[in-house]
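# Examining the three-dimensional arrangement
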Amino acid sequence: MYQLDITLRRGQSLAARDRGGTSDPYVKFKIGRKEVFRSKIIHKNLNPVWEEKACLLVDHLREPLYIKVFDYDFGLQDDFMGSAFLDLTQLELNRPTDVTLTLKDPHYPDHDLGIILLSVILTPKEGEHVTMLMRKSWKRSSKELSENEVLGSYFSVKSFFWRTCGRPALPVLGFCRAELQSTHYQNAQFQTQSLRLSDVHRKSHLWRGIVSITLIEGRDLKAMDSNGLSDPYVKFRLGHQKYKSKIMPKTLNPQWREQFDFHLYEERGGIIDITAWDKDAGKRDDFIGRCQIDLSALSREQTHKLELQLEEGEGHLVLLVTLTASATVSISDLSVNSLEDRKEREEILKRYSPLRIFHNLKDVGFLQVKVIRAEGLMAADVTGKSDPFCVVELNNDRLLTHTVYKNLNPEWNKVFTFNIKDIHSVLEVTVYDEDRDRSADFLGKVAIPLLSIQNGEQKAYVLKNKQLTGPTKGVIYLEIDVIFNAVKASLRTLIPKEQKYIEEENRLSKQLLLRNFIRTKRCVMVLVNAAYYVNSCFDWDSPPRSLAAFVLFLFVVWNFELYMIPLVLLLLLTWNYFLIISGKDNRQRDTVVEDMLEDEEEEDDKDDKDSEKKGFINKIYAIQEVCISVQNILDEVASFGERIKNTFNWTVPFLSWLAIVALCAFTVILYFIPLRYIVLVWGINKFTKKLRNPYAIDNNELLDFLSRVPSDVQVVQYQELKPDPSHSPCKRKKNNLG
């Protein structure tokens, strides 16, 4: 038996697999057919530096060490970047050796895929200690040995020869179960759902703080276009977290004033990589410069103003960076439940009581999610089984359960808690099938708006496809509780919505383009039909209607006051509300949007099954950027009109009530206060805003409010599907401990 100590140093001149001419490489080590190590991911780098160590126990030297390099693609299958073999029989014992391996692709042996540099030490080991320890651990029968004890003994053995750095964020306990099954000691049977998450598991995806970044401006950036200007934007990266700023056209001194947050996973901080780019339509974007922020050098609970010089380019970037501690998320077993503990529940209710309105306005509420089990999942493996795990997301907060192996009816029994920063957020729960050799396979997903949650009710949610347009196989049982301060939630509605930094890039789709065009056309036709109606009154097509309109026109114009505008909107909201509560709901299900979404899903499935066929996208590839822009503009215009309609249709009652309160206030203000005074106050506020707060982020309260109202597409996506009768959930209400 031998101990093989490996240090993965770095890669050089690796293959580019992404459209931007870079890759996100990581490395796998295999001995035989078994994966024994996986490195961390280095983003956007063809010369990555890992400096990661692994300590492996090797039974014999006949099997070479197989090194494979992949390009990480979130949500897609990772791209192969090359492989190499290390012949262990050629290593000298007890002597450090630096090894340079040339990466090759067996299908294209002539391609130059770069090199990987390693340092290895091979030392002989006595196997008696390991064997005795394992015999002692497994001597007792499975009925006398708890799962925690089994895993404890197992970890003590594994730690002797399996000490790796930078394991990927896969559930560690699930990984250990797979290793237990692969040994010759499979006679120990135990239930796999009663474990607490280990500390190693917690460290893999629980953060220790929040980095709040405000991108203020750029100064004297490099001119990249022929007109002596640039269209700059900035990319930020901290580990796997990414953020891209908006594009500022034709300027060398852009003013962004954008704010976003990253999660801080490491105790000592981390490095934020920042790159500035010039947007070029139809061709590759130009590189302007780069810089870094070493978070370990910044003090916590303090805002730092940084002026960073761009390397490999010209100009500066001005940022505000704040590091704060965080205790906003947690994972525990079903037996450890914050809301079932009387004292903790009272503290949470007190924290979000109406009396604490102005205490930490960003802390809007508390969310607890119990992920209990799933039933009837899709079989993703050739064995007819799956290895499911669950991802729970709230905006940029993302937590995972452990993996239950070889099971279509897994039980997780985990409790997740989140801090709510926006009550209009949507909770997303996605089930994946774990696959060691490639990206996880999608099994199903549900999206649940926080305002639609019924507290304390265990419910079966039908899993949907990736686009959330139709059902897929299986249901998932969740129990969700939301506690929030309504006043804080209302105030947060009027500030910009948090952007997700892990989002799929916009893609060009014929069906999506058609859908957005039809949605925009429907909104425009509402205005056109209204214009035709008014014109028909002028033409006296219907004398009684024209006479009534003429009398109404004279009355309104003669008696018009400015306060009547919000008053009319208020009356319209109130009228629709009474129609709904009286059972005369005039809201109709949008079957047109549903049909278009189903067609889009069919098109996506067709593209996945036959990616070699050349279709609509390839024909207009040369103008893809322009088409994507048109597609997005149509979506924004259609969504704007649909959100206004859904506000008056009481699609989200909380927002409609908030609109009623605001309209009542505006009506009273306009009735009692002359318009000149209102305009005067508004102008003074606008002119002095930058003087009072030079780094204030510009926003429009009305647009921020409408951004929380779902469009028709989102209404369809958030609709709850009816489960099969065979999966009827056992509903229960919790005892009121308050």
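None of these values were measured; they are calculated from a predicted model.

### What to know about the packing of helix H9 (residues 564-581) against helix H13 (residues 653-672)
Contact geometry of H9 with H13 gives a least axis separation of 9 Å together with a crossing angle of 150 degrees. By the angle class used here, H9 and H13 are roughly antiparallel. H9 and H13 meet at a crossing whose hand is left-handed. Across the interface between the two elements, Pro 566, Leu 567, Leu 569, Leu 570, Leu 573 and Tyr 577 of H9 pack against Ser 656, Trp 657, Ala 659, Ile 660, Leu 663, Cys 664, Phe 666, Thr 667 and Leu 670 of H13. Of the residues assigned to the contact of H9 with H13, the class counts are 13 nonpolar, two polar and no charged.

### Here's the deal with the pairing of strand S1 (residues 2-12)
Pairing analysis gives ten bridges linking S1 to strand S8 (residues 115-124), with the strands arranged antiparallel. Across the sheet, residue Gln 3 finds its bridge partner in S8, namely Thr 123. Bridge count for S1 against strand S4 (residues 49-58) is eight bridges, and the pairing is antiparallel. Paired with Gln 3 across the two strands is Leu 57, which belongs to S4.

### Points about the pattern of salt bridges
Applying the stated criterion across every chain yields a total of 14 salt bridges. Of the charged contacts in the structure, one is a salt bridge between Glu 217 and Arg 219, with a shortest N-O distance of 2.9 Å. Residue class for Arg 219 comes out partly exposed when judged on its relative accessible area of 29%. A network of salt bridges, in which partner residues are shared, links Glu 217, Arg 219 and Glu 307.

### Side note on unusual backbone geometry
The phi dihedral of Lys 406 falls on the positive side, at around 55 degrees, and the residue is not glycine. By the element assignment, Lys 406 lies in the loop between strand S20 (397-400) and strand S21 (411-420). Phi angles above zero are rare outside glycine, and Asn 413 is one such case at about 50 degrees. Inspection of the secondary structure puts Asn 413 in strand S21.

### Re the confidence of the model for the protein
Caution is warranted with low-pLDDT regions, since their predicted coordinates should not be read in detail. When the pLDDT values of the protein are averaged, the result is 76; 75% of them are 70 or greater. Counting contacts from residues 127-205, a segment whose pLDDT is below 50, to residues more than four positions away or on other chains yields 128 contacts. Low pLDDT, under 50, characterises residues 728-738; the predicted model gives this stretch 26 contacts beyond four residues in sequence or across chains.

### What about the nonpolar core?
Among the nonpolar cores identified, the biggest contains 45 residues, and Leu 367, Val 371, Ile 476, Leu 478 and Ile 480 are the most heavily contacted of them. By residue number, the principal contributor to this core is H13, which donates six residues. Both domains that furnish three or more residues to this core are identified here as domain 3 (331-493) and domain 4 (561-582 + 620-718). Beyond its immediate chain neighbours, meaning those up to four positions away, Ile 480 contacts Leu 367, Gln 368, Val 369, Leu 427, Ile 448, Ile 453, Gln 454, Asn 455, Gly 456, Glu 457 and Tyr 461.

### Considering the sheet that holds S1
One open sheet accounts for four strands, arranged S4-S1-S8-S7; its pairing is antiparallel. The open sheet terminates on both sides in strands that have one partner only, identified here as S4 and strand S7 (97-102). Pairs of neighbouring strands in the sheet enclose a mean axial angle of 25 degrees, with direction left out of account.

### Brief notes about the side chain of Thr 520
If you trace the backbone, Thr 520 turns up in helix H7 (residues 510-539). For Thr 520, a relative accessible area of 10% puts it in the buried group.

### Notes on the packing of aromatic side chains
Per the counting criterion, the structure on display carries 18 aromatic pairs. Aromatic pair Tyr 66 and Phe 85: ring centres 4.6 Å apart, planes at 10 degrees, arrangement stacked. Placement of Tyr 66 in strand S5 (residues 65-71) and of Phe 85 in strand S6 (residues 79-86) is noted, with a sequence separation of 19 residues between them. Among the residues examined, Phe 85 registers a relative accessible area of 54% and is labelled exposed.

### Considering the layout of surface pockets
Space inside the second largest pocket adds up to approximately 1,300 Å³. Going through the elements one at a time, helix H6 (486-492), H9, helix H12 (624-648), H13, helix H14 (675-692) and helix H15 (701-707) are the ones with two or more residues in the lining of the second largest pocket. Grouping the constituent residues of the lining of the second largest pocket by class yields 26 nonpolar, five polar and four charged. Two domains each donate at least three residues to the lining of the second largest pocket, and these are domain 3 (331-493) and domain 4 (561-582 + 620-718).

### As for the sheet that holds strand S11 (residues 241-244)
Taken in spatial order, the four strands of this open sheet run S11-S10-S13-S14, and their pairing is antiparallel. Two strands in the sheet have a free side with no partner beyond their single neighbour: S11 and strand S14 (286-294). Strand-to-strand twist in this sheet, taken as the mean axis angle between neighbours without regard to direction, amounts to 15 degrees.

### Let's talk about a negative patch on the surface
A contiguous patch of negative charge, built from Asp 341, Glu 344, Glu 346 and Glu 347, is present on the exposed surface. Within the secondary structure layout, Glu 347 lies in helix H5 (residues 342-351).

### Quick notes on the pairing of strand S23 (residues 441-449)
The buried fraction of S23 is high, at eight of nine residues. Note that strand S22 (residues 426-433) and S23 share eight bridges and pair antiparallel. Bridging from a neighbouring strand, Asp 433 pairs with Asp 441 of S23.

Rules behind the numbers
All residue numbers refer to position in the chain's written sequence, counted from 1. Only residues with pLDDT of at least 70 get local features here, since the model is predicted, and only at 80 or more are side-chain atom pairs given and counted; chain-wide, interface and lining totals rely on the full set of residues. Only heavy atoms go into the side-chain values, all of them from the structure, while hydrogens and water stay out. All axes here are fitted lines through C-alpha atoms, helices being fitted over the stretch that makes contact, and every angle between N-to-C directions spans 0 to 180 degrees. Each helix is a run of DSSP H or I of at least 4 residues and each strand a run of E of at least 2, with the numbering of both proceeding from the N terminus. Under this scheme an angle from 65 to 115 degrees is roughly perpendicular, one under 35 degrees roughly parallel, and one over 145 degrees roughly antiparallel; angles in between are oblique. By the definition used in this description, the sense in which the near helix is turned from the far one sets the handedness, with an anticlockwise turn below a right angle giving left-handed and a clockwise turn giving right-handed. Only heavy atoms matter for contacts: two residues are in contact if any of them lie within 4.5 Å across the pair. Put simply, Ala, Val, Leu, Ile, Met, Phe, Trp, Tyr, Cys and Pro go in the nonpolar bin, Asp, Glu, Lys and Arg in the charged bin, and everything else, Gly too, in the polar bin. Between any two strands, pairing holds if DSSP finds at least two bridges. In the sections that follow, a salt bridge refers to a side-chain nitrogen of Lys or Arg positioned within 4 Å of a carboxyl oxygen of Asp or Glu. For each residue, the accessible area found with a 1.4 Å probe, counting protein chains only, is set against the maximum for its type, and the residue is called buried under 20%, exposed over 50%, and partly exposed in between. Known as pLDDT, the predictor's per-residue confidence is scaled from 0 to 100. We define a nonpolar core as any set of buried Ala, Val, Leu, Ile, Met, Phe, Trp, Tyr and Cys residues linked to one another through side-chain atoms lying within 4.5 Å. The domain boundaries here were taken from an automatic or database domain assignment. Stacked, edge-to-face and tilted are the three classes for Phe, Tyr and Trp ring pairs, Trp counted by its six-membered ring, which pair at centre distances within 6.5 Å; planes under 30 degrees apart are stacked, over 60 edge-to-face, the rest tilted. Definitions used throughout: a 1 Å grid over protein atoms alone; a cavity as a set of points that fits a 1.4 Å probe which cannot get out; a pocket as an open set with protein on both sides within 12 Å along at least five of seven lines; a lining residue as one with an atom within 4 Å of a point. Grid points are joined across faces, edges and corners, and a volume is the space filled by probe spheres set on the points. Like charges within 9 Å and nonpolar side chains (Val, Leu, Ile, Met, Phe, Trp, Tyr) within 5 Å are joined into patches, using only residues over 30% in relative accessible area that form no salt bridge. Using the Shrake-Rupley algorithm and a 1.4 Å probe, accessible areas are obtained, with residue cover drawn only from the displayed protein chains. When charges are counted, Lys and Arg contribute as positive and Asp and Glu as negative, whereas His and the chain ends are disregarded. Lysine's charge is taken at NZ, arginine's at CZ, aspartate's at CG and glutamate's at CD.

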